Amino acid sequence: MSYQKNIINSNGREWNFYTISKGHASIDVVPDAGFGITSFKWKGRELMLQWDLDTFLGDTQQIEFITNNITDTFRKGFGPAIGPWFNAKEPNSKIWQHGVCRYAEWKTLEIGNNFIKGRLDGKKDRLLGKTLNEICGFDFAVEISYTLLEEGLEYRIKNLSEGNKGTFGIHWYWNSYINSKIHLKTDTNQLPKDLTEKRYKINKGEVIADLNTLNGDIFKSVSSGLDDLKGQLIHADGSRVNFYYDDSFTNTVLWSPKTGCCFEPVSGMPHQIGKFTEGTIRMFPV
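Student: Would you explain the sheet that holds strand 1 (residues 2–10) in this entry?
Tutor: Paired through their backbone hydrogen bonds, the strands of a sheet run either parallel or antiparallel. Pairing in this open sheet of five strands is antiparallel, and the strands run 1-2-3-4-5 from one edge to the other. If you trace the sheet from one side to the other, it starts and ends with strand 1 and strand 5 (45–46), each paired once. Both strand 1 and strand 2 (residues 13–22) contribute to a ladder of nine bridges, which runs antiparallel. Among the inter-strand pairings, S2 is bridged to a residue of strand 2, identified as S21.

Encoded structure:
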């Protein structure tokens, strides 16, 4: 078990990030940029799609836009999806406000041999002179921790905001390959109305989705408790990532652009300001 502080040089400034390792797993986390996770390796294999760091970290123009163009519509556009959600991967996309607070620097940190925990306080933390409370439109505070377990990675989030406001989850791009699939437990009564057998194979309340045709659909998750396997990212060589998460994450977003894929447990419908207290997502590679 170990951790190491590192420095990234990007966009004309230095960014701190931490590498945390335990057993077969290691992660890279950038507290300076929304407490974002940029790498998750298992037995030396990179599980996450690698980004150009300048795109991931954002530039001054993007941060200025977020800080200076605050409207109710804009706030609903990001949920606010606070936490390590990052830029849209599609070229020329305008939805990079996903997780506006990914541009904030998480200054309150606790780091151990197998975990890192961070907290934002909207009364104190700010972007270009505006407090996060001003940007979010309510008193905002959130705590996120990443913990490496023997089986993989645990992500835990606590919402300490006014009235438990906010929509929370993960928005991570995972590596995918030819013939990769997502297997998701779900309630068939909640599936989109335009489903066809060409796009999905439905069997006993489960969905296997072909990542080459999947395009941003939202599903209701129905299995209960962290002991239940809720979904899998399955590769042709037999390797996979198993996803476990509790019922505070009521929805799962599946998304497959031309590169990578998303398996995204979230606490409510995206692009809405919901309510959330706390929850845990565990990702165990095999």
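Read on, since the account is not over.
Student: Explanation requested: the confidence of the model for the chain in the structure shown.
Tutor: A low pLDDT means the predicted coordinates there should not be read in detail. On average, the chain scores 76 in pLDDT, and the residues at 70 or more come to 71%. Across the chain, element-level confidence peaks in strand 5 with a mean pLDDT of 96 and bottoms out in strand 14 (residues 200–203) with 43. Predicted confidence for residues 193–205 stays below pLDDT 50, and this span has 22 contacts to residues more than four positions away or in other chains.

Student: Looking at this structure, I do not really get the nonpolar core. What am I missing?
Tutor: Nonpolar side chains in soluble globular proteins tend to end up buried together. Grouped together as the largest cluster of nonpolar side chains are 47 residues, with contacts concentrated most on F40, Y146, W172, W174 and M283. In terms of residue count, strand 10 (residues 141–148) provides more of this core than any other element does, four residues in total. Within the second largest apolar cluster, 11 residues are counted, among which are L49, F56, Y173 and C262.

Student: When you look at the side chain of S39 in this model, what are you seeing that I'm missing?
Tutor: With respect to the element layout, S39 can be found in strand 4 (residues 36–42). Within the local environment of S39, its side chain forms a polar contact with the side chain of E46, the two groups lying 2.6 Å apart. Beyond its immediate sequence surroundings of up to four residues, S39 is in contact with S26, I27, D28, E46, M48 and Q50.

Student: Help me understand the pairing of strand 4, please; the structure alone is not making it clear to me.
Tutor: With six of its seven residues buried, strand 4 lies for the most part within the structure. The antiparallel hairpin formed by strand 3 (residues 25–30) and strand 4 contains five residues in its connecting segment, where G34 sits at a positive phi of about 70°. Between strand 4 and strand 5, which follow one another and run antiparallel, lie two residues, and K43 among them has a positive phi close to 55°.

Student: I'm lost on the state of the cysteines in this one. Help?
Tutor: Note on terminology: disulfide describes a covalent bond linking the sulfur atoms of two cysteines. Within this structure, the stated rule accounts for zero disulfides. Cysteine C262 is unpaired, with the sulfur of C261 as its nearest cysteine sulfur at 6.9 Å.

Student: Can you help me understand unusual backbone geometry in this one?
Tutor: What is expected of a backbone is that most residues other than glycine have negative phi and most peptide bonds are trans. Within the chain, K43 stands out as a residue other than glycine whose phi angle is a positive 55°. Counting through the fold element by element, K43 comes out in the loop between strand 4 and strand 5. Despite not being glycine, N164 shows a phi value in the positive range, around 55°. With respect to the secondary-structure elements, N164 resides in the loop between strand 11 (153–159) and strand 12 (173–174). On the basis of relative accessibility, which here comes to 29%, the residue N164 falls in the partly exposed class.

Student: What should I look at first to understand the side chain of T252 in this one?
Tutor: Structurally, T252 can be placed in strand 19 (residues 251–255). With relative accessibility at 0%, the residue T252 sits in the buried group. For T252, the side chain forms a polar contact with the side chain of Y245, separated by 2.6 Å.

Student: Explain the packing of aromatic side chains here, please?
Tutor: Any two aromatic rings considered together are summarised by their centre-to-centre distance and by the angle between their planes. For the structure on display, the rule yields 13 aromatic pairs. Between W174 and F243 the ring centres are 5.4 Å apart and the planes differ by 90°, which places this aromatic pair in the edge-to-face class. Separated by 69 residues along the polypeptide, W174 in strand 12 and F243 in strand 18 (residues 240–245) bring together distant segments of the chain. The exposure class of F243 is buried, given its relative accessible area of 0%. Between F249 and F276, the ring centres sit 5.6 Å apart and the planes meet at 45°, which makes this aromatic pair tilted.

Definitions and limits used
Residues numbered from 1 in each chain as written. Predicted model: local features only at pLDDT ≥ 70, side-chain atom pairs only at ≥ 80, totals over all residues. Heavy atoms only, no water. Pairing = 2+ DSSP bridges. Helix = DSSP H or I, 4+ residues; strand = E, 2+ residues; numbered from the N terminus. pLDDT = per-residue confidence, 0-100. Contact = heavy atoms within 4.5 Å. Core = buried A, V, L, I, M, F, W, Y, C linked by side-chain atoms within 4.5 Å. Buried < 20%, exposed > 50% of the residue type's maximum accessible area, 1.4 Å probe, protein only. Polar contact = N/O pair within 3.5 Å; in protein donor to acceptor, adjacent residues only side chain to side chain. Disulfide = S-S within 2.5 Å. Phe/Tyr/Trp six-rings, centres within 6.5 Å; stacked < 30°, edge-to-face > 60°.

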